Amino acid sequence: MNIIYFLIQQTMFFSIPLLIVALGGMFSERSGVINIALEGIMVMGAFISIGFINVFQDRLSGQGLFLLAFLVAAAAGAVFSLLHAFASVNLKADQTISGTALNMFAPAFALFMARMVQGKSQVPFTDTFHIEKVPVLGDIPVIGPMFFRNCYLSTYIGILIFIAASVLFSRTRFGLRLRACGEHPQAADSVGINVYKIRYAGVLISGVLAGVGGLIFVIPTSTNFNASVAGYGFLALAVLIFGQWRTKGILGAAFFFGVLKTLASAYSGIPVIKDLPIPNEIYKMLPYVVTLIVLAFSSGKSKAPKAEGIPYDKGSR
């Protein structure tokens, strides 16, 4: 049972960042702005928030410091995503090129600034955020050891974000307007909806969630940030496509890829798998190979929302 508990806990560590970042991508793309800059936004959010932890960890610690770093990551992601929003919405630039530029800029900026400030490319931090056991809940049989021991606050925040995103996207006026601006911007404009503002809001939400996702990915997996999130932004795009741009589909896809990442990183701790005559590299390649296969088979059935440019002058409405 201990192995099962361990695998489920590791799956949560890998799945929650994917879930949050893919939800962010959904808000942007359903508004009509393709956002392949998720990787760069994750890097920027992680860099700024981990830098914040590095500076203040001598005066603060524990969950209070984590929550402050969480807000810093959200703000950093939002500000950085404004570049993509301005280029895509106001300048009507090619959204793929804009996103690629941000993906290239973010790690270079993080490495440059880290070396300028610290003289080295890594930003170290002390992990004071690990929760050994949640009081009361950690004592529940089976469920307690599975979900409320050896965990991080980010797991529960991620679940709350999913619930909030589902309600906002599917059951609010804003969600309806967001979808309308992505699929039929002319019709949305004709009834008085400011398409520019809605698309800016979609990209900003995407930036907030991707920035937070960068922090949530780094904290459980390392004690140093070296300007990389291991391609998680691109993997989140695969989760978004596999989940058909819908919240429930994204949830299932995130945990599917999370299981694969867990097997790739923790295979040596699983007796049955460890004894198999399979090279280590095969396990490490597995998530990415499966990603390519899934995308190849799902691309023909994909019902991607339209991402039309705004067909009127930026001075209208």
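Residues numbered from 1 in each chain as written. Predicted model: local features only at pLDDT ≥ 70, side-chain atom pairs only at ≥ 80, totals over all residues. Heavy atoms only, no water.

**Some points on the packing of helix H3 (residues 62-90) against helix H4 (residues 95-118)**
Convention followed: Lines are fitted to the C-alpha atoms to define the axes, a helix being fitted only along its stretch in contact, and any angle between axes, read from their N-to-C directions, falls within 0 to 180 degrees. Runs of H or I in DSSP of at least four residues are treated as helices and runs of E of at least two as strands, each being numbered from the N terminus. Any angle from 65 to 115 degrees is called roughly perpendicular, while one under 35 is roughly parallel, one over 145 is roughly antiparallel, and all others are oblique. Should the near helix be turned anticlockwise from the far one by less than a right angle, the crossing is termed left-handed; should it be turned clockwise, right-handed. A contact between two residues is defined here by any heavy atoms of the two lying within 4.5 Å. Think of it as three bins: nonpolar holds Ala, Val, Leu, Ile, Met, Phe, Trp, Tyr, Cys and Pro, charged holds Asp, Glu, Lys and Arg, and polar takes everything else, Gly as well.
Following both chains from N to C, one finds H3 and H4 inclined at 155°, their axes separated by 9 Å at the closest point. Between H3 and H4, the crossing angle belongs to the class labelled roughly antiparallel. As for how H3 packs across H4, the hand of that crossing is right-handed. Note on element contacts: H4 touches H3 through Gln95, Ser98, Gly99, Leu102, Phe105 and Ala106, opposite Phe80, Leu83, His84, Ala87 and Ser88. Here the contact of H3 with H4 is composed, by residue class, of six nonpolar, five polar and no charged.

**Regarding the packing of aromatic side chains**
We count it as follows: Aromatic contacts are taken between Phe, Tyr and Trp rings whose centres are within 6.5 Å, Trp giving its six-membered ring; a plane angle under 30 degrees counts as stacked, one over 60 as edge-to-face, and the others as tilted. The rule is simple: take the accessible area with a 1.4 Å probe, protein chains only, and divide by the maximum for that residue type; under 20% is buried, over 50% is exposed, in between is partly exposed.
Summed over the entire model, instances satisfying the criterion amount to 13 aromatic pairs. Summarising the aromatic geometry, the rings of phenylalanine 217 and tyrosine 232 are spaced 4.4 Å apart at their centres and angled 35° between planes, so their arrangement reads as tilted. Highlighted residues: phenylalanine 217 in helix H9 (residues 195-221) and tyrosine 232 in helix H10 (residues 232-242), separated in sequence by 15 residues. Like tyrosine 232, phenylalanine 217 is buried.

**Observations concerning the confidence of the model for the chain**
Stated precisely, the cut-off is as follows: In predicted models, pLDDT denotes the confidence assigned by the predictor to each residue on a 0 to 100 scale.
This prediction gives the chain a mean pLDDT of 88; 93% of its residues lie at or above 70. Helix H2 (residues 38-56) holds the highest mean pLDDT among the elements of the chain, 96, whereas helix H12 (residues 271-274) holds the lowest, 73. For the stretch residues 307-317, pLDDT sits under 50, and the model shows 28 contacts to residues farther than four places along the chain or on other chains.

**Let's talk about the pattern of salt bridges**
A side chain of one charge can pair with a side chain of the opposite charge when the charged atoms of the two come close. Quick note on the threshold: By definition, a salt bridge exists where a carboxyl oxygen of Asp or Glu is found within 4 Å of a side-chain nitrogen of Lys or Arg.
Considering all chains together, one arrives at two salt bridges under this definition. Between arginine 30 and glutamate 183 there is a salt bridge, with its nearest N and O atoms 3.0 Å apart. Of this pair, arginine 30 sits in helix H1 (residues 2-31) while glutamate 183 sits in helix H7 (residues 173-183); the two residues are 153 residues apart in sequence, bridging distant segments of the chain. Taking relative accessible area as the criterion, glutamate 183 reaches 27% and is therefore assigned partly exposed. Between aspartate 139 and lysine 133 there is a salt bridge whose closest N-O contact spans 2.9 Å. A relative accessible area of 47% means that aspartate 139 is categorised as partly exposed.

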